[in-house]
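Spelled out, the chains give:
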Amino acid sequence: RAGVAQLATVCAELDPIGVCQGMDTRLRGLLAQASEPALQQLHGNCLVLERLVDAVVVMVSTNTNQTEKSNIAALQALDEGLIPALVSFRPLDEQWQLVRLNLFDSVRSVLAARSSYQVLGQVLTELFIYLEHGNTANIRRRSAQSLLRLAKVAPTGLVNHLDALRNSAATLLASGSLCHVATQQLCESLVLVSNQCQDVSVRTGLLRAVLAAPLAKLDAAQAQLSSASGFLKALGVLSADNQLRLTEDAKLKKNEYKFNVDDDEERHSDDEKDTEAESLRHALSALLAIARRAAQSQNCQLPEKPLCAPPVVPPYLEALTTADAGAAVLQRAMPTVLTITLTLHALWAPPVVDALKSHPIARLVLAPSLDEIRAKLEPPGPSTPRSSDENQSTFAKSKTTAVNSNTKSGITASKENYLEEATMPPEHGSLAARWASTLNEIRSCVYQLARLWVERQCAFAPDAAPQTAELFKACGGLWSEDENVSLWSLENRHLASLLKHVLEPLVLRCPPLLYSSHLAPITRRLALHLESRLQVAWSQPEGDQVYMEDFDQATRSACGDAIRRELTRSYLDVLQIAMATKGELAAPPVKQNRTSNGDDGENGRRIAAARERRAAHVTALREFVLGNVEQLALPILRTLRLALAVWGDVPSCRAATRIAQVFIGAAHDRPQYYEPLATLFAAAVGALVEEPSWLANAGCEYELLSLARAVYVGLVLAVDPNAIPRRVQIVPPRHTGPRDLLLSLPGVQPHHVQTLEQTLRQPSSVKDQRSAIQDVIAIALEAKDSTIKLLSMTPPSVTGDASALRDSVSSVRDLPGKIPGSRQIARHQRVATEENFNFTSQSNTCTNLADLFEQS
């Protein structure tokens, strides 16, 4: 089907009128048949129709006037034929209703581009009929999804039907007949249409109507959720008399909660009602969706999506909320969000954790959900098929097999290594099975609301400083001067999510004028904490910081290792964004469009201004990091050293080399960084010479070589490694650490280092300079093998492929058959040398052995 859809787009470029008329005739004929074969063919034609329509709509907006006429005529064939047929076609069977909704989705671009007021109103009426009178929850949810998709592409056309849309939506929301997902999608559709409304009062009233239900739930729950005991009561962990046991309501819940249920609001039976915590999760999810969809007013002067941080401090919060509806939503909900965030993190405080762990069922609150564990352990590819009788249980009393018995502990890399299903005993009930997933989704919602608070510039408004400080304090003590508030209460998985959702947008959006007040307290605290946390995590085989007592040792070890790597990579990703080696600050500028006379047009001037702002932002961020030497830069450099050579995670090693390159280019002439940079050189060269098993097949040896070259040029030759002049004059070195380290390697003599420095001083490319460093490393590798042979009289043990740097000179060899790679060539050479060595060693006497030891 995908191939036919691509072919349809090609045909549409050649003959748009003929293709659209043929598709219109075919689909209307299938609708008239109303048979089982026609149903199957319509299912298959939905994708083809959608691709075809999108291609023609794009051609209408980009082609010449003569070609545009034919494209408009092609769309008119669908607008006047297929769409009226779909409006008048009202099947009663559920499968036919789903096909009809799919066809409405496929022609939504035509509805946005060509349909009249009357046709669009008819389609809107049909969607609301399904929303209100749909036979099944699936039809109602699917029609809400179709309405949201239509609102995304045709909000301007739907503004003309705003009264009907508002009245129908109000009736549905008041009835409470929709599930949570359908209700949220309906609210999002209303917000998207209200963004195009010119009347501010109408827009504000519609937004208030949409926010009424979720804000009422949040306000009602704020008092109860102000303490950890109240939160546990909302989950169903504590009873009314604060006893740590399942409530009477939870004991009656025996029904299994299926994974294959798309929407948990379909559980309408008396014993399957949502808990207060789940209602809170739904309200937070709806609030987050509305805040994301709410756009700035059309007369707003703020940038919609700035390429970098604004150079000045944003206006006051009142001005932001007047211009940006999303900021207004966040301001209204922020007090309750602060309370929920603070209480949520209080559940992981040591006294509460100890009390929960002492109870055989309540301890499941602290555990990761089974979906989280699957995401960590399952290899990429198709998801594991789940049985129909699967329980949403997180743990089992009996031993749970996590990975294939033929695999080792750690991250599973084979497609056979799937996490087997855990079965919850009946006495635990479905309520306890949902605790972990409910808490995980609530945490995700509050973190993403904090992200929107930063991205909408509310965090930097002068009058919002107290709320911003309280928000970051609530996020696990991210911003706190109290020594008793410790980040160690956060688990590794929670801290990784916090880095992605809060710290990353804060680094990108914070104005440079507010670095000292908003960015410095958080980054300094996190840099020192993560240095210690990552050392502790990588010193333990399981990674620690994950509560999975009900799983076997293999599962705990694999999941702990996966979470440890995720935290490491998330932290290094934030550092890459700060150093402009990743993300929007590292993105290349868009090619400028020039006018006919050769001068830059308006687009070119805009891009040039954006490039200047980006460059100023990058410079300010780097100076901020380098200026905080003791509390920020040095902890980062110590973490990079461990990522380069100790932890053995290949993506972390690659990220660390890119970050270190930026440090070297910016700090090679600052005396306080000479010793840390020399330490990075020692870590890179040490990893190349020691040849650890994780580096053998990593393919990042040349990145480590580039790092070593930059440090050597910057410290020993005392020049900028990023801008080497044509000929480097001999000057005293800034630091002799890299030279002394090379001289300490086995087999490296002073004349080798002298030759290296002469090569580096010559006008040559970076690649040639890297090759000169590689020659010295190859000498050390050869000498290391010779020393091992002389001392042990046995060939060196080589597991897997050896380093690709052993050949000092790259050459293409005339080999028969399939040409092996450099590692295979090196392995064949070592095997031949070992055989020769074994043959000659058999004739050696004890006297020769003593002579060999003397020579070594």
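In this report, we go over the structure that sits alongside the text. Since the structure is predicted, the reported quantities are computational estimates derived from the model, not experimental observations.

Thresholds, definitions, all that
Residues numbered from 1 in each chain as written. Predicted model: local features only at pLDDT ≥ 70, side-chain atom pairs only at ≥ 80, totals over all residues. Heavy atoms only, no water. Helix = DSSP H or I, 4+ residues; strand = E, 2+ residues; numbered from the N terminus. Buried < 20%, exposed > 50% of the residue type's maximum accessible area, 1.4 Å probe, protein only. Contact = heavy atoms within 4.5 Å. Areas by Shrake-Rupley, 256 points an atom, 1.4 Å probe, with all protein chains shown as cover. Polar contact = N/O pair within 3.5 Å; in protein donor to acceptor, adjacent residues only side chain to side chain. Core = buried A, V, L, I, M, F, W, Y, C linked by side-chain atoms within 4.5 Å. Phe/Tyr/Trp six-rings, centres within 6.5 Å; stacked < 30°, edge-to-face > 60°. Lys NZ or Arg CZ within 6 Å of the ring centre and 35° of its normal. Patch = residues over 30% accessible without salt bridge, like charges linked within 9 Å, V, L, I, M, F, W, Y side chains within 5 Å. Salt bridge = Lys/Arg side-chain N within 4 Å of Asp/Glu carboxyl O. Expected span 1.5 Å × (residues − 1).

Concerning the overall build of the chain
Reasoning step 1: What the chain contains, in helices and strands, is 36 helices and zero strands.
Reasoning step 2: Out of the 856 residues belonging to the chain, those deemed buried represent 52%.
Reasoning step 3: Of the contacts made within the chain by residues no fewer than 6 positions apart, 75% connect residues no fewer than 24 positions apart.
Reasoning step 4: Only carbon and sulfur atoms are counted for the fraction: they give 52% of the accessible area of the chain, which is about 38,500 Å².

Focus on the environment of I72
Reasoning step 1: Take I72: it is sitting in helix α4 (residues 65-80).
Reasoning step 2: Separated by 41 residues in sequence, I72 and A113 place their C-alpha atoms 9.5 Å apart.

Concerning the environment of T568
Reasoning step 1: Within the secondary structure, T568 is located in helix α25 (residues 553-578).
Reasoning step 2: What makes T568 buried here is its relative accessible area of 1%.
Reasoning step 3: Among the polar contacts made by the side chain of T568, one reaches the side chain of W538 at a distance of 3.0 Å.
Reasoning step 4: Engagement of the side chain of T568 in a polar contact is seen with the backbone oxygen of R564, the distance being 2.9 Å.

Description of the nonpolar core
Generally speaking, nonpolar side chains in soluble globular proteins are found buried as a group.
Reasoning step 1: L640 and F663 are the most contacted members of the largest nonpolar core, which totals 233 residues.
Reasoning step 2: With 12 residues, the top contributor of residues to this core is helix α21 (residues 429-455).
Reasoning step 3: Contact partners of F663, with chain neighbours within four places excluded, come to M579, V625, L626, A633, I636, L637, L640 and H668.
Reasoning step 4: In this structure, L377, M548, A558 and C559 belong to the second largest nonpolar core, which totals eight residues.

Examining the packing of aromatic side chains
Reasoning step 1: Taken as a whole and judged by the stated rule, the model has four aromatic pairs.
Reasoning step 2: Consider the rings of Y515 and F624, whose centres lie 5.2 Å apart with planes at 45°: the pair is tilted. Remark: F624 occurs in helix α26 (residues 602-627) and Y515 occurs in helix α24 (residues 515-539); sequence separation between them is 109 residues. Exposure class is identical for Y515 and F624. Each is buried.
Reasoning step 3: Here R443 stacks its cationic end above the ring of W348, 4.9 Å away from the centre of that ring.
Reasoning step 4: Above the ring of W538, the side-chain terminus of R564 is found at 4.4 Å from the ring centroid.

Remarks on a nonpolar patch on the surface
Reasoning step 1: A contiguous nonpolar surface patch, about 320 Å² in accessible area, is contributed by L7, V10 and L14.
Reasoning step 2: Mapping L7 onto the fold places it in helix α1 (residues 2-14).
Reasoning step 3: Owing to a relative accessible area of 53%, L7 belongs among the exposed residues under this scheme.

Structural notes on helix α8 (residues 117-133)
Reasoning step 1: With 17 residues, α8 extends 24 Å from end C-alpha to end C-alpha; this agrees with the ideal 24 Å at 1.5 Å per step.
Reasoning step 2: The complete set of buried residues in α8 reads V119, L120, G121, V123, L124, E126, L127, F128, Y130 and L131.

Geometric descriptors of this kind do not, in isolation, establish any biological role.
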